[in-house]
2 protein chains.
Amino acid sequence: MENRKDQIIEAALKRFAHFGFHKTTMNEIADDLRITKANLYYYYPDKSTLILDVVCKIATDLQADEKKVIDQYANNFMETMFKLIELRGDFTRKYYIFHINENLDWIKGIDIYEVMEDFYQRDVALLKCLYEKAMTHEGLVLDNVDEVARAMVEIQKGVSFIHTISDMITGIPNDANVDKIIESQKRAVKLIFEARLAK
Amino acid sequence: MENRKDQIIEAALKRFAHFGFHKTTMNEIADDLRITKANLYYYYPDKSTLILDVVCKIATDLQADEKKVIDQYANNFMETMFKLIELRGDFTRKYYIFHINENLDWIKGIDIYEVMEDFYQRDVALLKCLYEKAMTHEGLVLDNVDEVARAMVEIQKGVSFIHTISDMITGIPNDANVDKIIESQKRAVKLIFEARLAK
């Protein structure tokens, strides 16, 4: 039997992805699972903790998919980087509602920083792994692979914020921005790596 | 005699820089200038328009200072880029209070997008000017100087957002972040240009 916590996370994820964190109640999640509210609260005493586990699940799934892409690397560094960017774009499109029209209170109440730090370290490790492969097999020239991986995670996050911020200001939910984010990130990758690859 | 509008902008800037947009009243600005409120409202019917002109003044001053740095370029591309980053950091430190604990209503009410677009184009033009100099005099290799300038403006803005966003979430005004912003931007510049400069 599947772990009960996993079932709860799965049900919550479905609700959240459709209606957002704010509009989903613990009652609805319990109803979806045909369990009592008391039973749900036994596993998750508050919604914030559940949200945190849902966010973790999404990120873990994404990073597992990214690892698969990197494992399939075959002397096509630029293409692999672009695939990773597209993959992250797909996740953002799928879970876009998480970002919009949400108040940020749930983020303040929980231990999100440790989780975020952990994701960051895993993002850096994944990119390093790809860069090392490309250095060995494709003549990618990097002085300091660790620093480049860190800078790339920052740059990719940063260029995606540009478009997210303008959303926050206009207040218009607009998942067409994902395309702009992907475009910016690809431009940054080309700028940084194209000249460094041995032809 | 100095233009009356310039005097108003100057007085407003002083107040805003100390107390923020929100806590400054039109009355206080009129008092500082020893003019009547009616006289002030003759030039600026609402605070939003005045804020916009103040923001324009700051950006224009910054870009004038940046132009000076670029005019002084003397075969020291990396150093010049770093100087530009430091200069922008100084401005951010000086006007940091503008970013914190402000509600964003004034941004929604006014024609900020056109102004921002104009700043963006001027930022790109300034960087292009520096890159072209470095290509001629220092062997900087760039395929498409226009695209690189655009990508750099995005990257620099983006990596600065990373640190600003975490401020927004914690809610802690913290101008120590300017150092982190500068550090990120320098890391990005090194990553992108160091290998492209002829030794």
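All of these numbers come straight from a predicted model, not from anything done at the bench.

Attention now goes to the overall build of chain A. Of regular secondary structure, chain A possesses nine helices and zero strands. For chain A, the α and β elements follow one another from N to C terminus as α-α-α-α-α-α-α-α-α. A buried classification covers 46% of the 199 residues belonging to chain A. Within chain A, contacts between residues separated by at least 24 positions form 73% of all contacts whose residues are at least 6 apart in sequence. By element, 53% of the accessible surface of chain A is carried by carbon and sulfur atoms, the whole surface being about 10,300 Å².

In this numbering, the UniProt entry assigns the feature "DNA-binding region" (unreviewed entry) to residues 25–44 of chain A. Here residues 25–44 of chain A runs as 75% helix and 0% strand, with 13 Å between its end C-alpha atoms.

One finds Phe 77, Tyr 131 and Phe 193 of chain A together with Phe 77, Tyr 131 and Phe 193 of chain B to be the most contacted residues of the largest nonpolar core, which totals 124 residues. In contact with Phe 193 of chain A, not counting residues within four places along its chain, are Phe 77, Met 78, Met 81, Tyr 131, Leu 140, Leu 142, Val 148 and Met 152 of chain A.

Residue and element names in this part refer to chain B. Mapped onto the elements, Gln 156 comes out in helix H8 (residues 145–170). Judged by its relative accessible area of 15%, Gln 156 is buried. Here Gln 156 is in contact with Met 81, Ile 85, Leu 127, Gln 185 and Val 189, once residues within four sequence places are set aside.

Glancing now at the packing of helix H4 (residues 47–71) of chain B against helix H7 (residues 112–138) of chain B. Residues and elements named next belong to chain B. Two elements in contact, H4 and H7, have axes whose closest approach is 11 Å; the angle formed by their N-to-C orientations is 5 degrees. The angle between H4 and H7 falls in the class roughly parallel. Counted together, Leu 52, Val 55, Cys 56, Ala 59, Thr 60, Gln 63, Glu 66, Lys 67, Ile 70 and Asp 71 of H4 and Ile 112, Val 115, Phe 119, Arg 122, Asp 123, Leu 126, Cys 129, Leu 130 and Lys 133 of H7 form the full contact between these two elements. Of the residues in the contact of H4 with H7, the class split is eleven nonpolar, two polar and six charged.

For the structure on display, the rule yields 32 salt bridges over all chains. Here Arg 93 of chain A and Asp 90 of chain A are joined by a salt bridge, their closest N and O atoms 3.1 Å apart. With a gap of three residues between them, Arg 93 of chain A and Asp 90 of chain A both fall in helix H5 (residues 77–94), about one helical turn apart. A residue is classified by how much of its surface remains accessible, and Arg 93 of chain A, at 30% relative accessible area, is partly exposed. Classification of Asp 90 of chain A as partly exposed rests on a relative accessible area of 41%. A salt bridge links Asp 123 of chain B to Arg 88 of chain B, with the nearest nitrogen and oxygen atoms 2.9 Å apart. Note that Asp 123 of chain B is positioned in helix H7 and Arg 88 of chain B in helix H5 (residues 77–94), a separation of 35 residues in sequence. Owing to a relative accessible area of 12%, Asp 123 of chain B belongs among the buried residues under this scheme. For Arg 88 of chain B, a relative accessible area of 30% puts it in the partly exposed group. Several salt bridges converge on common partners, so that one network encompasses Glu 10, Lys 57 and Asp 61 of chain A.

Before going further, it helps to examine the packing of helix H4 (residues 47–71) of chain A against H5 of chain A. Residue and element names in this part refer to chain A. Taken N-terminus to C-terminus, the directions of H4 and H5 make an angle of 155 degrees; their axes are 10 Å apart at the nearest point. Taken together, the axis directions place H4 and H5 in an arrangement best described as roughly antiparallel. Once H4 is placed against H5, the crossing between them reads as right-handed. Across the interface between the two elements, Ile 58, Asp 61, Leu 62, Asp 65, Glu 66, Val 69 and Ile 70 from H4 touch Thr 80, Lys 83, Leu 84, Leu 87, Arg 88 and Phe 91 from H5. Across the contact of H4 with H5, the residue classes break down as seven nonpolar, one polar and five charged.

Another aspect to go through is the confidence of the model for chain A. Counting all residues, the mean pLDDT for chain A is 85, and 85% of those residues have values of 70 or more. Put simply, helix H6 (residues 105–109) of chain A is where chain A has its lowest mean pLDDT, 58, and helix H2 (residues 26–33) of chain A is where it has its highest, 96.

Residue position: Ser 184 of chain A is located in helix H9 (residues 177–193). On the basis of relative accessibility, which here comes to 2%, the residue Ser 184 of chain A falls in the buried class.

Criteria and thresholds
- Residues numbered from 1 in each chain as written.
- Chains lettered and ligands numbered in written order.
- Predicted model: local features only at pLDDT ≥ 70, side-chain atom pairs only at ≥ 80, totals over all residues.
- Heavy atoms only, no water.
- Helix = DSSP H or I, 4+ residues; strand = E, 2+ residues; numbered from the N terminus.
- Buried < 20%, exposed > 50% of the residue type's maximum accessible area, 1.4 Å probe, protein only.
- Contact = heavy atoms within 4.5 Å.
- Areas by Shrake-Rupley, 256 points an atom, 1.4 Å probe, with all protein chains shown as cover.
- UniProt positions renumbered as here; feature names shortened; annotations may be inferred.
- Core = buried A, V, L, I, M, F, W, Y, C linked by side-chain atoms within 4.5 Å.
- Axes fitted to C-alpha atoms, helices over the stretch in contact; angles between N-to-C directions.
- Parallel < 35°, antiparallel > 145°, perpendicular 65-115°, else oblique.
- Nonpolar A, V, L, I, M, F, W, Y, C, P; charged D, E, K, R; others polar.
- Salt bridge = Lys/Arg side-chain N within 4 Å of Asp/Glu carboxyl O.
- Left-handed = near helix turned anticlockwise from the far one by under 90°.
- pLDDT = per-residue confidence, 0-100.

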